[in-house]
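Chain and residue survey
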Amino acid sequence: MSYSNIIFPVNFYQKIYKLSCSGGFIRVNRNSSYILRLVFDSIDYLVLEVGFGKGDFLLQYSIDNPGYQIVGIEKSDRLVKEVSKKLVRNGISNVRLIQASAEFALYFLIPDDSVDEIIINFPDPWPKKAHISRRLVNPNFLKLLNNKMKKGSRIFVSTDVIDYKDFIIDSVKKAVNQGSCFRVTNVFMGFWNEKYQTKYLKKWLKENKKIFSIEIQKI
Ligand SMILES: C[S@@+](CC[C@H](N)C(=O)[O-])C[C@H]1O[C@@H](n2cnc3c(N)ncnc32)[C@H](O)[C@@H]1O
């Protein structure tokens, strides 16, 4: 499989937090060229949450689904440390956190054909035309996800920006034209799983903003 057309930024400092109840973590040298298999005792159902922010979703989802193995990827060092503490305080053992850009983490640390579910709640919107190329959910990123996902697995994305919703649907079409196997299975107004809250969901609901959810399946 060729990755030569995938461009990704590499953060200066990449760390993996391997959570245990004692809060220990593994540090990975950024020059490491090997692909690291994230170690859980066993992997039955692998979930990724990209850009977990304050971790409200991650925390509740991992409590509700103790049989899932959940990897949180977040580029902010501060947020990773904050959420790491919350997980330890709550005795959660089915989550690993990676402090890295999602592109780096997926490319180097997540094995191909291994992921059952991907959650991206309110990715940074980059609403200005000049900044659209910075949007996370773009055709190249989807191509990367396509390699990592199992057949039948799904991506759940939510956004408060109607233009980003359309951009995502368009990006799926482009990724499919370039060989990815996706179909958009659902697009609707509202949050994709009403049982859960996130910091940004609460913020946008308070401001009476419309929320859009998109469900994408690997076929
Ligand atoms: C708008 S916030 C949403 C946070 C949370 N999901 C929520 O709903 O409250 C976007 C988050 O994505 C993270 N982020 C942005 N780009 C990222 C990337 N390339 N890789 C990993 N995390 C990223 C930001 O640091 C931030 O925490």
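As a starting point, this report considers the structure included with it. For every chain, the first residue of the written sequence is number 1, and numbering continues from 1 onward in sequence order. Reporting of local features is limited, given that this is a predicted model, to residues whose pLDDT is at least 70; pairs of side-chain atoms are given and counted only at 80 or more, and all residues count toward the totals for whole chains, interfaces and linings.

Helix and strand assignments come from DSSP, with helices taken as H or I runs of at least 4 residues and strands as E runs of at least 2, each series counted from the N terminus. Assigned secondary structure in the protein consists of 6 helices and 8 strands. Listing the helices and strands of the protein from first to last along the sequence gives β-β-α-β-α-β-α-β-α-β-α-β-α-β. Counting every position in the protein, which comprises 219 residues, the buried fraction comes to 35%. For the protein, restricting intrachain contacts to residue pairs at least 6 apart in sequence, the fraction spanning at least 24 positions comes to 74%. The burial label depends on the number of other C-beta atoms within 10 Å of a residue's C-beta. Counts of 20 or more mean buried, 12 or fewer mean exposed, and intermediate counts mean partly exposed, with C-beta atoms placed from the backbone. What counts as a contact here is a pair of residues whose C-beta atoms, placed from the backbone, lie within 7 Å.

This part covers the packing of helix α4 (residues 139–148) against helix α5 (residues 162–177). In contact at an axis separation of 8 Å, α4 and α5 are set at 60 degrees when each is read in the N-to-C sense. As the angle between them shows, α4 and α5 are arranged oblique. Remark: the crossing between α4 and α5 carries right-handed chirality. Contacts from P139, L142, K143 and N146 of α4 reach α5 at S171, V172, K174 and A175. Angular values range over 0 to 180 degrees, each being the angle between N-to-C directions of two axes fitted as lines to C-alpha atoms, with helices fitted over their stretch in contact. For classification purposes, an angle smaller than 35 degrees is called roughly parallel, one larger than 145 roughly antiparallel, one from 65 to 115 roughly perpendicular, and anything else oblique. The sense of a crossing depends on the near helix, which, turned anticlockwise from the far helix by less than a right angle, makes the crossing left-handed and, turned clockwise, makes it right-handed.

In the neighbourhood of the ligand, 21 residues make up the surrounding shell, with G51, G53, A102, T198 and Y200 lying closest. Elements represented by at least two residues in the shell around the ligand include exactly β3 (69–74) and α6 (199–206). Counting residues per element, the shell around the ligand draws most heavily on α6, which supplies 3 residues. Classes in brief: Ala, Val, Leu, Ile, Met, Phe, Trp, Tyr, Cys and Pro nonpolar; Asp, Glu, Lys and Arg charged; the others, Gly included, polar. When the residues that make up the shell around the ligand are grouped by side-chain class, the tally is 10 nonpolar, 6 polar and 5 charged. Proximity of a residue to a molecule or strand is defined by its backbone-placed C-beta atom lying within 6 Å of that partner.

Now for the nonpolar core. Defined on buried residues, the nonpolar core groups Ala, Val, Leu, Ile, Met, Phe, Trp, Tyr and Cys residues joined through C-beta atoms within 7 Å. If you look at the biggest cluster of nonpolar residues, it comprises 44 residues, and the most contacted ones within it are L58, I73, A105, I118 and L145. Here the limits of each domain have been adopted from an automatic or database domain assignment. Among the domains, domain 1 (12–27 + 42–110) and domain 2 (126–219) are the pair contributing at least three residues each to this core. Ignoring anything within four residues of it in the chain, the contact list for I73 reads L48, V50, I98, A100, A102 and A105.

Once that is clear, we can look at the pairing of strand β8 (residues 212–218). The side-chain alternation of β8 yields one buried face, formed by F212, I214, I216 and K218, and one unburied face, formed by S213, E215 and Q217. In this scheme, strands are said to pair when DSSP sees at least two bridges between them. Examined bridge by bridge, strand β6 (residues 149–159) and β8 share 6 bridges and lie antiparallel to one another. Bridge pairing in β8 links I155 to I216. Bridging between strand β7 (residues 182–189) and β8 involves 7 bridges; their strand directions are antiparallel. Across the sheet, the residue bridging to R183 is Q217, located in β8.

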